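Spelled out, the chains give:
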Amino acid sequence: LRVGIQGENAVQLGQHLLQEFGGLVGLQRASFVDVCAVKGLGPAKAAQIKAAIQLGRRLAAQSFEDRPAIHSPNDAADLVRYEMTALTQEQLWVLILDTRNRVLGVEKVYKGSLNSSMVRIGELFRPAIQRSAASIILAHNHPSGDPSPSPEDVNLTRSAVQAGKLLDIEVLDHIIIGRNRFISLKDKGLGFG
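What counts as what
Residues numbered from 1 in each chain as written. Predicted model: local features only at pLDDT ≥ 70, side-chain atom pairs only at ≥ 80, totals over all residues. Heavy atoms only, no water. Helix = DSSP H or I, 4+ residues; strand = E, 2+ residues; numbered from the N terminus. Buried < 20%, exposed > 50% of the residue type's maximum accessible area, 1.4 Å probe, protein only. Contact = heavy atoms within 4.5 Å. Areas by Shrake-Rupley, 256 points an atom, 1.4 Å probe, with all protein chains shown as cover. Lys, Arg positive; Asp, Glu negative; His and termini not counted. Charge placed at Lys NZ, Arg CZ, Asp CG, Glu CD. Salt bridge = Lys/Arg side-chain N within 4 Å of Asp/Glu carboxyl O. Axes fitted to C-alpha atoms, helices over the stretch in contact; angles between N-to-C directions. Parallel < 35°, antiparallel > 145°, perpendicular 65-115°, else oblique. Left-handed = near helix turned anticlockwise from the far one by under 90°. Nonpolar A, V, L, I, M, F, W, Y, C, P; charged D, E, K, R; others polar.

Undergrad: Break down the overall build of the chain for me, with residues and values.
TA: For the chain, the count of helices and strands is 8 helices and 5 strands. Tracing the chain from N to C terminus, the helices and strands come up as α-α-α-α-α-β-β-α-β-α-β-β-α. With the C-alpha coordinates of the chain rotated into their principal frame, the extents come out at 65 × 35 × 25 Å. Relative to its 193 residues, the chain shows a buried fraction of 41%. Within the chain, contacts between residues separated by at least 24 positions form 60% of all contacts whose residues are at least 6 apart in sequence. For the chain, the exposed area adds up to about 10500 Å²; of that, 51% sits on carbon and sulfur atoms. Charge centroids of the chain, computed over 22 positive and 19 negative side chains, lie 4 Å from each other.

Undergrad: Which residues make up the pattern of salt bridges, and what are the values?
TA: Counting across every chain of the model gives 7 salt bridges. A salt bridge links Arg81 to Asp78; the nearest nitrogen and oxygen atoms lie 3.1 Å apart. Of this pair, Arg81 and Asp78 both sit in helix H5 (residues 73-85), 3 residues apart, roughly one helical turn. A salt bridge links Lys108 to Glu83, with the nearest nitrogen and oxygen atoms 3.4 Å apart. Highlighted residues: Lys108 in strand S2 (residues 103-111) and Glu83 in helix H5, separated in sequence by 25 residues. Classification of Glu83 by relative accessible area gives partly exposed; the value is 25%.

Undergrad: Before we move on, could you go through the packing of helix H6 (residues 121-130) against helix H7 (residues 151-167) and cite the residues and values that matter?
TA: Two elements in contact, H6 and H7, have axes separated by 10 Å at closest approach and are oriented at 45 degrees. Compared by their axis directions, H6 and H7 come out oblique. Note that H6 runs across H7; the crossing there is right-handed. Residues Ile121, Leu124, Phe125 and Ile129 of H6 pack against Leu156, Ser159, Ala160, Ala163, Gly164 and Leu167 of H7. Residue composition of the contact of H6 with H7, grouped by class: 8 nonpolar, 2 polar and no charged.

Set out below in structure tokens:
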């Protein structure tokens, strides 16, 4: 922010900005127009803030290169958590893995309210088939912040696991991302086996 405004230094203005949007995640979710509307910020400062957030997102994506293999539910959650926590709508992503659980890609498959009747199971496996993947991990977010699985989440997982057996592409896990925590359906024994 470099400088503040009359009666507020840059640190105070930054604190006010974080309070206004409910912290860094809220600021990440805020639109450019919303950030511009804060007293003391114009288009130039708002653009710098949004650019810094985008740079942080890209750095998080680069760390994906540093951790190319998934060995635990925590590894999978760490890979998608930064971006998924900031989403305002529910999204379902598929992590595509090779035989050594190295990430071949992350595909954003569905956006909006998810339930097992809306999700076409074949769509979950299309990217994995195209890349000759050995396995996949499903990941979706709960914008409410509570990662507790719904019955629909468990049904979707069960259907994907069954389809994966037929396709010889193992579904290793289904991760639900909430605010500051996640749940592994495999660890909970939901939809697997």
